[in-house]
Amino acid sequence: MKAMTSTMHTTSKRREALNETRVWHVYARRKYEEPLHEIGNVMADDVELAKVYARSIYDEFSWVEMVIVPRDCIITVIES
Amino acid sequence: MPGTPVDNAALFAVLSSLADNKQFIGRRYAYWCNGAPALEAAVAAAAMTQDELGHARTLYPLLEDFSQARADPSQVEPVTRTLHYHLAFLDHDFRGWSDFVATNFLLDNALTTFFEAAQDSSYEPLRQRARKIVQEERIHAMHAEGWVRRLAKAGGAVRSTLVASLNRLWDETLCWFGPDDDANMQRLYREGIIDAMPSELRSRYLQKIMPTLSSLEIDVPVTFDLVTKHWEPGQPLPWNEWDAIARRVKQGS
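Residues numbered from 1 in each chain as written. Chains lettered and ligands numbered in written order. Predicted model: local features only at pLDDT ≥ 70, side-chain atom pairs only at ≥ 80, totals over all residues. Heavy atoms only, no water.

Caption draft 1: Layout of the packing of aromatic side chains. Residue and element names in this part refer to chain B. Scanning the entire structure with this criterion turns up 16 aromatic pairs over all chains. When the ring of Phe177 is compared with that of Tyr205, the centres are 5.5 Å apart and the planes differ by 50 degrees; the resulting orientation is tilted. Taken together, the residues span a long stretch of sequence, with Phe177 in the loop between α5 (156-176) and α6 (183-190) and Tyr205 in helix α7 (residues 198-215) at a distance of 28 residues. Look at Phe177 and you get buried, because its relative accessible area is 0%. Residue class for Tyr205 comes out buried when judged on its relative accessible area of 1%. Cluster of aromatic residues (ring-pair linked, three or more members): Tyr29, Tyr31, Trp32, Phe89, Phe94, Trp97, Phe100 and Trp147. (Phe/Tyr/Trp six-rings, centres within 6.5 Å; stacked < 30°, edge-to-face > 60°. Helix = DSSP H or I, 4+ residues; strand = E, 2+ residues; numbered from the N terminus. Buried < 20%, exposed > 50% of the residue type's maximum accessible area, 1.4 Å probe, protein only.)

Caption draft 2: Looking closely at the sheet that holds strand β3 (residues 65-70) of chain A. All names here are of chain A. Taken together, three strands build an open sheet; the order of strands is β2-β1-β3 and the sheet is antiparallel. Lying at the two open borders of the sheet, with one neighbouring strand each, are β2 (37-43) and β3. If you compare each strand with its neighbour and ignore which way they point, the axes differ by 30 degrees on average. Note that strand β1 (residues 23-29) and β2 share six bridges and pair antiparallel. Directly across from Trp24, in β2, lies its bridge partner Val42. Sitting on the sheet, helix α2 (residues 47-57) is in contact with β1, β2 and β3, with an inclination near 135 degrees to β3. (Pairing = 2+ DSSP bridges. Axes fitted to C-alpha atoms, helices over the stretch in contact; angles between N-to-C directions. Contact = heavy atoms within 4.5 Å.)

Caption draft 3: Spatial organisation of the packing of helix α1 (residues 9-30) of chain B against helix α2 (residues 39-63) of chain B. All names here are of chain B. Interhelical geometry of α1 versus α2 gives an angle of 155 degrees and a closest axis separation of 8 Å. In terms of orientation, α1 lies roughly antiparallel with respect to α2. With respect to the hand of their crossing, α1 and α2 are arranged in left-handed fashion. A class-by-class count of the residues in the contact of α1 with α2 yields 14 nonpolar, five polar and four charged. (Parallel < 35°, antiparallel > 145°, perpendicular 65-115°, else oblique. Left-handed = near helix turned anticlockwise from the far one by under 90°. Nonpolar A, V, L, I, M, F, W, Y, C, P; charged D, E, K, R; others polar.)

Caption draft 4: Region of the structure containing the nonpolar core. Residue and element names in this part refer to chain B. Counting residues in hydrophobic clusters, the biggest one holds 93 residues, and the most contacted among them are Leu15, Phe114, Trp170 and Leu213. With twelve residues, the single largest contributor to this core is helix α3 (residues 97-117). If we ignore the near neighbours within four places in the chain, the residues touching Phe114 are Val14, Leu18, Leu126, Trp176, Met185, Leu188, Ile194 and Leu201. (Core = buried A, V, L, I, M, F, W, Y, C linked by side-chain atoms within 4.5 Å.)

No statement about biological role is implied by the geometric values presented.
This is the structure we're talking about:
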């Protein structure tokens, strides 16, 4: 457990050094008649890199549409 | 080897260089599929590795159609090929992630500049592949620019390591287009296989990469002509070290 904590700390430090702290939610759909649904997220401060990462990580289907939304732009309306 | 073989030594040589560079870029990228600074970058590296090896795999079979391959058929297969027409920079493993970024930004962009010039090629097999490769390379270019920006803006040792990687690859990449009197490139231009001569290709390439480097204040040996509004090489390229056949810097240079 100690080793895992250390690894996570190192990874966190490396992310901090390269400023990869911004989270992007990834939405996609396989057919036009389907709604977009959230398929995951990526971390990148640069929007172009976020697009590259989303395309390469979530490439399990031939999506007809994929969009990314920065988490910090989401406004909570109801929170219980 | 069906049909009449193509007899074009110049095209055979340039295709060999393109295939070898793509193959070796893929091999070097592969090492970084689990070594990139972040998980997202590692997955992207894996995807780009597949793309580069895929590009090589579509180019090598073209060599089989040339009469120049008859002398030594083993040279058209990446597994049996003993000639190495890739840049000397790719001879060794990358020293770090910055070499990955520099290769993607400088070398892969240079090869894409060539493929862009071949999108209306008179040689149909290249024309087809060039259009597909140019399309796929858009994602690689986004990755390259994003990482150059990121490493440069990190400052300190991260930035200086990136600059060192760019500098080590700079001359050889600019040389790859060939000198203005490059016989192979001249023939490709004359026969409508590409739409520009080496100096024009080099110029197109610089206009593509320099806005990013300039905005980040990364010093490279170029000058900006205020009249033509074009970036040009700022110092003579090392043609005395250039191997025109292998399209790479000579061993030991």
